[in-house]
Amino acid sequence: MEPTIFGPGPITGLNTLFATPVAKRSSRPVMGVERQSRERENVALTPEIFNRLKGADWENIRPALVTHVVYRARNYGLRSGKCYAELIRGNAPQDIADEVIKRVLSGVRPWDPERGELLPYLKLQADGVLDALFDSAAARHESLAPGASSGGNHDEHSGTDDMIANAAMPVSPPEDQIHASRVIGRLFVETQSDPGAQAILTALMDGCEPKTRFLAEELKASPDDITNGLKRLRRRALAEEGK
Amino acid sequence: MRDTPKTEAALLARLVDLFDEEGPTSSDEIDVELRAAGIDPVELRASTGAVLEAAVKASPFDWRNRAAAERAAAERAFSESSAPTRAPRGEIVAEIRKILDRLSALGSAQLVQVHCRNFEKSTDEDLAGLLAELRFLEARQRGPDGK
């Protein structure tokens, strides 16, 4: 088996990322995605739950978890224009997934069956690690630029107030804007032969809320049609970026 | 009022938000995604057994680790409870008999049988050790709430 594009790198920094409990996050979107996280409750692993974990369908759960890590990392790479191997700091997706599994089995991140199925919980734990890795990558590239649009009511603010407000708002660095422009431009060209996919892009551009059900409503399509259209868009976007 | 994305980066972010909403679910989709990342799904599945075995073995809840932890905890509890007894021999024997009676009432007939003996033939040290052991056993039988 040839080395993956993620490389065989060590689990650098993973222990640190797991050291912090998955606390309830603020409502501030993480890289444009609002993630709901469980509050850290006083849940403990019991022998009964441990036995249930041992008997879980790991043959299917583990590949699904590794895939989730890959999927999200590739999406983030698409969003940011960065190589997703760099985003997850050279850790193999399997390592991230296996570390999550180990922590759940050891009780460090105890699963409570009363609150839901195992795989969604594992994905949530993996999301916590990935978000921290992505945030770290973003922090290296975020810039504060005065003069960026604040979206506020300019009539009510002095020029000085605007500058102060704008200075506090992080904006995408120029290379991210260039990357996005390239991806979106190509997608519009590529989807000329795919009206369903292009309609999704147009609806988003027109301000439709980025949720499958709202798009289905707006485009008078079924949720399945929207889901399939999104899959086609993602394939095209990733193919274009060589990711 | 609609919130239209102000930049292409904002539009791309919304598009990726949608991608994040749902990921691969079927085996075929999973295999495609894994292969795109250079991961062999067959090898991944084949390695799952070993990975899980290692994770289970490393867990403090695995019987191997629990046995060692429980033994260590019991040893600690025993050494804490077995303070040296300086009472006269008669008092020690009397307390031993009382504990044996209580253990019998708790349904611990086997324990009582094992420990019932002709105390006249035991040395003072033996009796002190037996008393410490019985105190420890009684506490374990009653549990953390003392019942």
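Worth saying up front: this structure is predicted, and the values here are computed from it rather than measured.

**Some words on the overall build of chain A**
Logical step 1: Helices and strands together make up the secondary structure of chain A, namely eleven helices and two strands.
Logical step 2: Secondary structure of chain A in N-to-C order comes out as α-α-α-α-α-α-β-α-β-α-α-α-α.
Logical step 3: Within chain A, residue pairs in contact and separated by at least 24 positions form 73% of the contacts whose partners lie at least 6 positions apart.
Logical step 4: In the form shown here, chain A has an accessible surface area of approximately 12,200 Å², with 52% of it arising from carbon and sulfur atoms.

**Describing the packing of helix H2 (residues 27–36) of chain B against helix H3 (residues 41–58) of chain B**
The packing of two helices is summarised by the inter-axis angle and the distance between the axes.
Residue and element names in this part refer to chain B.
Logical step 1: At a minimum axis separation of 9 Å, H2 and H3 run at an interaxial angle of 105°. On the basis of the axis angle, H2 is roughly perpendicular to H3. Note on element contacts: H3 touches H2 through Pro41, Leu44 and Arg45, opposite Ile30, Asp31, Leu34 and Arg35.
Logical step 2: Partitioning the contact of H2 with H3 into residue classes produces four nonpolar, no polar and three charged.

**Concerning the confidence of the model for chain B**
Residue and element names in this part refer to chain B.
Logical step 1: In this model, chain B carries a mean pLDDT of 83, and residues with pLDDT of at least 70 account for 84%.
Logical step 2: Model confidence for chain B, summarised as mean pLDDT per element, is weakest for helix H6 (residues 109–115) at 61 and strongest for H3 at 94.
Logical step 3: Among the prediction metrics, the complex's ipTM stands at 0.70, with pTM recorded as 0.66.

**Points about the pattern of salt bridges**
Logical step 1: If you walk through the whole model with that rule in mind, you get 22 salt bridges over all chains.
Logical step 2: One salt bridge connects A:Arg62 with A:Asp98, and the closest N-O pair in it is separated by 2.8 Å. Of this pair, A:Arg62 sits in helix H3 (residues 58–80) while A:Asp98 sits in helix H5 (residues 93–106), placing them 36 residues apart in sequence.
Logical step 3: A residue is classified by how much of its surface remains accessible, and A:Arg62, at 3% relative accessible area, is buried.
Logical step 4: Classification of A:Asp98 by relative accessible area gives buried; the value is 16%.
Logical step 5: A:Lys211 is the salt-bridge partner of B:Glu21, the closest N and O atoms lying 4.0 Å from each other. Placement of B:Glu21 in helix H1 (residues 8–21) and of A:Lys211 in the loop between helix H9 (195–205) and helix H10 (212–219) is noted, with the two residues assigned to different chains.
Logical step 6: Taking relative accessible area as the criterion, B:Glu21 reaches 34% and is therefore assigned partly exposed.
Logical step 7: In the salt-bridge network here, residues are joined through shared partners; they are A:Arg72, A:Arg79, A:Asp127, A:Asp131, B:Asp17 and B:Asp20.

**Focus: the side chain of A:Arg72**
Logical step 1: Looking at where A:Arg72 falls in the secondary structure, it is placed in helix H3.
Logical step 2: A polar contact is formed between the side chain of A:Arg72 and the side chain of A:Asp131, at a distance of 3.0 Å.

**A word on the environment of A:Asn228**
All names here are of chain A.
Logical step 1: Summarising the element assignment, Asn228 is placed in helix H11 (residues 223–241).
Logical step 2: Judged by its relative accessible area of 37%, Asn228 falls in the partly exposed class.
Logical step 3: Distance in space between the C-alpha atoms of Asn228 and Ala197 is 8.6 Å, their sequence separation being 31 residues.

**So, H9(A)**
Residues and elements named next belong to chain A.
Logical step 1: For H9, the complete set of buried residues consists of Ala197, Ile200, Leu201, Ala203 and Leu204. Projected down its long axis, H9 shows its buried positions confined to an angular sector of 165°, all on one face.
Logical step 2: Residue Gly207 follows H9 closely and has a positive phi angle near 100°.

**Comments concerning the nonpolar core**
Logical step 1: Membership of the largest hydrophobic core comes to 38 residues, with the highest contact counts inside it found for A:Leu53, A:Trp58, A:Leu105 and A:Leu122.
Logical step 2: Elements with a minimum of two residues in this core: helix H2 (47–54), H3, H5 and helix H6 (118–139) of chain A together with H2 and H3 of chain B.
Logical step 3: Not counting residues within four places of it along the chain, the set of residues in contact with A:Leu122 comprises A:Trp58, A:Ile61, A:Leu65, A:Val100 and A:Val104.
Logical step 4: Listed in part, the 26 residues of the second largest apolar core include A:Ile184, A:Leu233, A:Ala237 and B:Leu15.

**Quick word on the interface of chain A and chain B**
Logical step 1: Every contact between the two is made by 59 residues of chain A and, on the other side, 45 residues of chain B.
Logical step 2: The junction of chain A with chain B conceals about 4,700 Å² of combined surface from both sides, 65% of it contributed by carbon and sulfur atoms.
Logical step 3: If you look at where chain A meets chain B, you find eight salt bridges.
Logical step 4: The tally of links from chain A across to chain B stands at 17 residue pairs in polar contact (both at pLDDT 80 or more).
Logical step 5: If you list the elements that add at least two residues to the side of chain A that touches chain B, you get H2, H3, H5, helix H8 (174–190), H9, H10 and H11 of chain A.
Logical step 6: With 14 residues, H3(A) is the largest single contributor of residues to the side of chain A that touches chain B.
Logical step 7: A breakdown of the residues in the side of chain A that touches chain B according to their chemical character gives 31 nonpolar, 14 polar and 14 charged.

**Some words on H5(A)**
Residues and elements named next belong to chain A.
Logical step 1: For H5, spanning 14 residues, the distance from its first C-alpha to its last is 20 Å, which sits close to the expected 20 Å at 1.5 Å a residue.
Logical step 2: Taken across its 14 residues, H5 has twelve buried, putting it largely inside the fold.
Logical step 3: Taken together, the buried positions of H5 are Pro93, Gln94, Ile96, Ala97, Asp98, Glu99, Val100, Ile101, Arg103, Val104, Leu105 and Ser106.
Logical step 4: Taken from the residues just after H5, Gly107 is the one with a positive phi, measuring 90°.

**Some words on the packing of helix H5 (residues 89–105) of chain B against helix H7 (residues 124–142) of chain B**
All names here are of chain B.
Logical step 1: Running from N to C, H5 and H7 cross one another at 30°; their axes reach a closest spacing of 10 Å. Judged on the interaxial angle alone, H7 and H5 are roughly parallel. The hand of the H5/H7 crossing is left-handed. Here Arg89, Ile92, Val93, Glu95, Ile96, Ile99, Leu100, Arg102 and Leu103 of H5 lie close against H7, whose contacting residues are Asp124, Leu127, Ala128, Leu130, Leu131, Leu134, Arg135, Glu138, Gln141 and Arg142.
Logical step 2: Residues belonging to the contact of H5 with H7 are distributed by class as follows: eleven nonpolar, one polar and seven charged.

What counts, and where the lines are drawn
- Residues numbered from 1 in each chain as written.
- Chains lettered and ligands numbered in written order.
- Predicted model: local features only at pLDDT ≥ 70, side-chain atom pairs only at ≥ 80, totals over all residues.
- Heavy atoms only, no water.
- Helix = DSSP H or I, 4+ residues; strand = E, 2+ residues; numbered from the N terminus.
- Contact = heavy atoms within 4.5 Å.
- Areas by Shrake-Rupley, 256 points an atom, 1.4 Å probe, with all protein chains shown as cover.
- Axes fitted to C-alpha atoms, helices over the stretch in contact; angles between N-to-C directions.
- Parallel < 35°, antiparallel > 145°, perpendicular 65-115°, else oblique.
- Nonpolar A, V, L, I, M, F, W, Y, C, P; charged D, E, K, R; others polar.
- pLDDT = per-residue confidence, 0-100.
- Salt bridge = Lys/Arg side-chain N within 4 Å of Asp/Glu carboxyl O.
- Buried < 20%, exposed > 50% of the residue type's maximum accessible area, 1.4 Å probe, protein only.
- Polar contact = N/O pair within 3.5 Å; in protein donor to acceptor, adjacent residues only side chain to side chain.
- Arc of directions from axis to C-beta.
- Core = buried A, V, L, I, M, F, W, Y, C linked by side-chain atoms within 4.5 Å.
- Buried area = accessible area lost by both parts, 1.4 Å probe.
- Expected span 1.5 Å × (residues − 1).
- Left-handed = near helix turned anticlockwise from the far one by under 90°.

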